[in-house]
Amino acid sequence: MKRLKKRDEKEIRLNKFLSDAGVCSRREGDRMIEMGRVHVNGRVGALGDKVKPSDKITVDGLEVNLEEEQIVIAFNKPVGIECTSDLSNPDNITDAIGYPKRIYPIGRLDKNSQGLILLTNDGSLVNGILKASNYHEKEYVVHVDKEVTDEFVLKMSEGVEIDVPDADSFKRMKTRKCDVERIGKHDFKIILTQGLNRQIRRMCEELGYSVQKLKRIRVMNVELGNLPVGAYRDLTDEEVAGLEKE
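Owing to the predicted nature of the structure, the values given are computational and were not obtained by experimental measurement.

### With respect to the sheet that holds strand β2 (residues 38-40)
Piece 1. Strand order in the open sheet formed by four strands is β3-β2-β5-β6, with antiparallel pairing between adjacent strands. Sheet topology places β3 (43-44) and β6 (62-64) at the edges, where each strand pairs with a single neighbour.
Piece 2. Bridge analysis of β2 against β3 gives two bridges, and the strand direction is antiparallel. Note that in β3 the partner of V40 across the bridge is R43.

### Remarks on unusual backbone geometry
Piece 1. Located in the positive-phi region is R198, a residue other than glycine, with phi close to 50°.
Piece 2. Among the structural elements, R198 can be located in the loop between β14 (187-192) and α6 (199-206).
Piece 3. Of the residues examined, R198 reaches a relative accessible area of 34% and is grouped as partly exposed.
Piece 4. Positive phi values are uncommon outside glycine, yet M220 reaches one of about 55°.
Piece 5. Considering the arrangement of structural elements, one finds M220 in the loop between β15 (211-219) and β16 (222-223).

### What about the packing of aromatic side chains?
The geometry of an aromatic ring pair is captured by the separation of the ring centres together with the interplanar angle, meaning the angle of the planes.
Piece 1. As enumerated under the stated definition, the model contains three aromatic pairs in all.
Piece 2. Ring centres of F152 and F188 lie 5.3 Å apart, and the angle between their planes is 70°; this geometry places the pair in the edge-to-face category. Taken together, the positions of F152 in helix α5 (residues 150-158) and F188 in strand β14 put the pair 36 residues apart, joining distant regions of the chain. As far as the burial class goes, F152 and F188 line up, both buried.
Piece 3. When the centroid spacing of 4.2 Å and the interplanar angle of 40° are considered together, the rings of F152 and Y209 count as tilted. Here Y209 lies in the loop between α6 and β15 and F152 lies in helix α5, a separation of 57 residues in the sequence.
Piece 4. Note on F152: relative accessible area 3%, which makes it buried.
Piece 5. A relative accessible area of 9% means that Y209 is categorised as buried.
Piece 6. In this structure an aromatic cluster arises from ring pairing among F152, F188 and Y209.

### Concerning the state of the cysteines
By definition, a disulfide links the sulfur atoms of two cysteines through a covalent bond.
Piece 1. The tally for this structure, following the rule as stated, stands at zero disulfides.
Piece 2. Between C24, a free cysteine, and C83, which holds the nearest cysteine sulfur, the sulfur-to-sulfur gap is 15 Å.
Piece 3. Relative accessible area serves as the criterion here: at 0%, C24 is assigned to the buried category.
Piece 4. The thiol of C178 is not disulfide-bonded; the next cysteine sulfur, from C204, is found 10 Å away.

### Observations regarding the pattern of salt bridges
Close approach of charged atoms lets side chains of opposite charge pair.
Piece 1. Scanning all chains against the criterion turns up 19 salt bridges.
Piece 2. Overlapping salt bridges, with partners in common, bring together E161, D163, R172 and E206 in one network.

### What about the side chain of D49?
Piece 1. Take D49: it is sitting in the loop between β3 and β4 (50-51).
Piece 2. For D49, the side chain forms a polar contact with the main-chain nitrogen of A46, separated by 2.9 Å.
Piece 3. Apart from the residues within four sequence positions on either side, D49 is in contact with I12, R13, L14, V40 and R43.

### Details of the nonpolar core
Piece 1. Counting residues in each nonpolar core, the largest one holds 33 residues, and the members touching the most others are V142, M156, F188, I190, I200 and C204.
Piece 2. When sequence neighbours within four positions are dropped, the list of residues in contact with I200 reads Y140, V142, F188, I190, L192, V211 and L214.
Piece 3. Counting residues in hydrophobic clusters, the runner-up holds 17 residues, among them A74, L125, I129 and V240.

### Points about the environment of N65
Piece 1. Structurally, N65 is set in the loop between β6 and β7 (72-77).
Piece 2. Each C-alpha atom of the pair N65 and T236 lies 25 Å from the other, and the pair is 171 residues apart in sequence.

Cut-offs and rules
- Residues numbered from 1 in each chain as written.
- Predicted model: local features only at pLDDT ≥ 70, side-chain atom pairs only at ≥ 80, totals over all residues.
- Heavy atoms only, no water.
- Pairing = 2+ DSSP bridges.
- Helix = DSSP H or I, 4+ residues; strand = E, 2+ residues; numbered from the N terminus.
- Buried < 20%, exposed > 50% of the residue type's maximum accessible area, 1.4 Å probe, protein only.
- Phe/Tyr/Trp six-rings, centres within 6.5 Å; stacked < 30°, edge-to-face > 60°.
- Disulfide = S-S within 2.5 Å.
- Salt bridge = Lys/Arg side-chain N within 4 Å of Asp/Glu carboxyl O.
- Polar contact = N/O pair within 3.5 Å; in protein donor to acceptor, adjacent residues only side chain to side chain.
- Contact = heavy atoms within 4.5 Å.
- Core = buried A, V, L, I, M, F, W, Y, C linked by side-chain atoms within 4.5 Å.

None of the figures reported here should be taken as evidence of function without further support.
Take a look at the structure:
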């Protein structure tokens, strides 16, 4: 049975319409609008525009409609693929998956990392998962260039001060406490509840380590399991219900 997305027939912001239609995230939608790529009933759209489902919305000349079916998939992203739906980027995740309907990634996994990324056409689901105050868990397996010591595990778990991109510069901040477990001489597992830019790599660098391999194996209640690299699968109804509940 198909899952239907929750619908609000009231006027909504243009960037939310694009998100709900599975075109892109709200942030990317704002960029598209600013670039003049989005039209509303024949005119160039503007930031803050409100639209109705009955309005004619086009992106790069192609009409966009709200998809009734809720799509949520798990993808084992290979190294070298970027989590963007911008088709002008040759390494974009949309082309890499080749999904027949519009979907976009929930959050990001950096280009040099491999593993689980969720994609959907449901903007409301995205917003709930990415909301930082919800402390949603993401689990990773990491291989580094030096021996994982007890001191390293302790410092990582207590939080590390790192430089985080902020507009045109960086700001210094301490990461949240997290669960860290040594699983091999050069390997550890880590569970984060925040998603700062290249967070694990920056944390390791601050402690004098270099990440050689990084794989995400879980997002909230969804596990990567034995999904092959470059393959995707539909989430089960139970998995989607868990995402919406959390």
